[in-house]
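Each chain is listed here by its residues.
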Amino acid sequence: MQRCGVEEVTAALDSEDVVLLLVLRGSEDLEVIRLRELAESRGILVQEGSKTDLWRMARSNEGEYPPGILALVGRDPNANVEQ
């Protein structure tokens, strides 16, 4: 499942099994930076993406601007079928 935007990602990091964070490359948003640092300190994989990447991957890609951060929870995207 996906968590989209600062508020949802913050809540997910507090109470869910976050396996991956996708952040906007070069983001200067202080909350995005804080969440990235928190995830990295917990050993959560963090990847950067372009605006197009985040727009395409967001669960709702309506509108002009993508969220600055996305979180994948509950399932490892690199797991095999049995996992």
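Our subject is the structure that appears above.
These notes cover the structure that comes with them.

Let us now look at the pairing of strand E2 (residues 18-24). Of all seven residues in E2, six are buried, a share of seventy percent or more. Of the pairings in the sheet, the one linking E2 to strand E4 (residues 69-73) comprises five bridges and is antiparallel in character. Paired with Val-23 across the two strands is Ile-69, which belongs to E4. One ladder, built from five bridges, connects E2 with strand E3 (residues 45-49); its direction is parallel. Bridged to Leu-24 within E3 is Gly-49. Crossover handedness for the path E2 to helix H2 (residues 30-41) to E3: right-handed.

What follows covers the nonpolar core. Judged by nonpolar contacts, the single largest core of 14 residues is most densely connected at Val-9, Leu-13, Val-18, Leu-21, Val-23 and Ile-69. Only helix H1 (6-15), E2, H2 and E4 provide two or more residues apiece to this core. Formed by six residues, the second largest nonpolar core is a distinct cluster that contains Cys-4, Leu-24, Ala-58 and Leu-70.

A large share of E4 lies buried, amounting to four of its five residues. Inspection of the sheet shows strand E1 (residues 2-4) paired to E4 by three bridges, in the antiparallel sense. By the bridge assignment, Gln-2 is partnered in E4 with Leu-72.

So, about the pattern of salt bridges. Counted according to the given criterion, the structure contains five salt bridges. A salt bridge links Arg-34 to Glu-31, with the nearest nitrogen and oxygen atoms 2.9 Å apart. One end of the pair is Arg-34 and the other is Glu-31, both in helix H2 and three residues apart, which spans about a single turn. The exposure class assigned to Arg-34 is partly exposed, which follows from its relative accessible area of 36%. Using a relative accessible area of 34% as the deciding quantity, one classes Glu-31 as partly exposed.

So, how was this worked out
All chains use their own residue numbering, which begins from 1 and follows the written sequence. For a predicted model such as this one, the threshold for reporting local features is a pLDDT of at least 70, and the threshold for listing and counting side-chain atom pairs is 80 or more; totals across whole chains, interfaces and linings nevertheless cover every residue. Side-chain metrics in this entry use all non-hydrogen atoms of the structure; hydrogen atoms and water are not considered. Residue burial is assigned from relative accessible area. The probe radius is 1.4 Å, only protein chains are included, and a residue is buried under 20% of its type maximum, exposed over 50%, and partly exposed in between. Where helices and strands are cited, they refer to DSSP runs of H or I of at least four residues and of E of at least two residues respectively, numbered from the N terminus. Whether two strands pair comes down to DSSP finding at least two bridges between them. By convention, a crossover is right-handed whenever its connection, traced from the first strand over the helix to the second and viewed with the strands pointing away, goes clockwise. Nonpolar cores were defined as sets of buried Ala, Val, Leu, Ile, Met, Phe, Trp, Tyr and Cys residues, with membership established by side-chain atoms within 4.5 Å. Throughout this description, the term salt bridge denotes a Lys or Arg side-chain nitrogen within 4 Å of a carboxyl oxygen of Asp or Glu.

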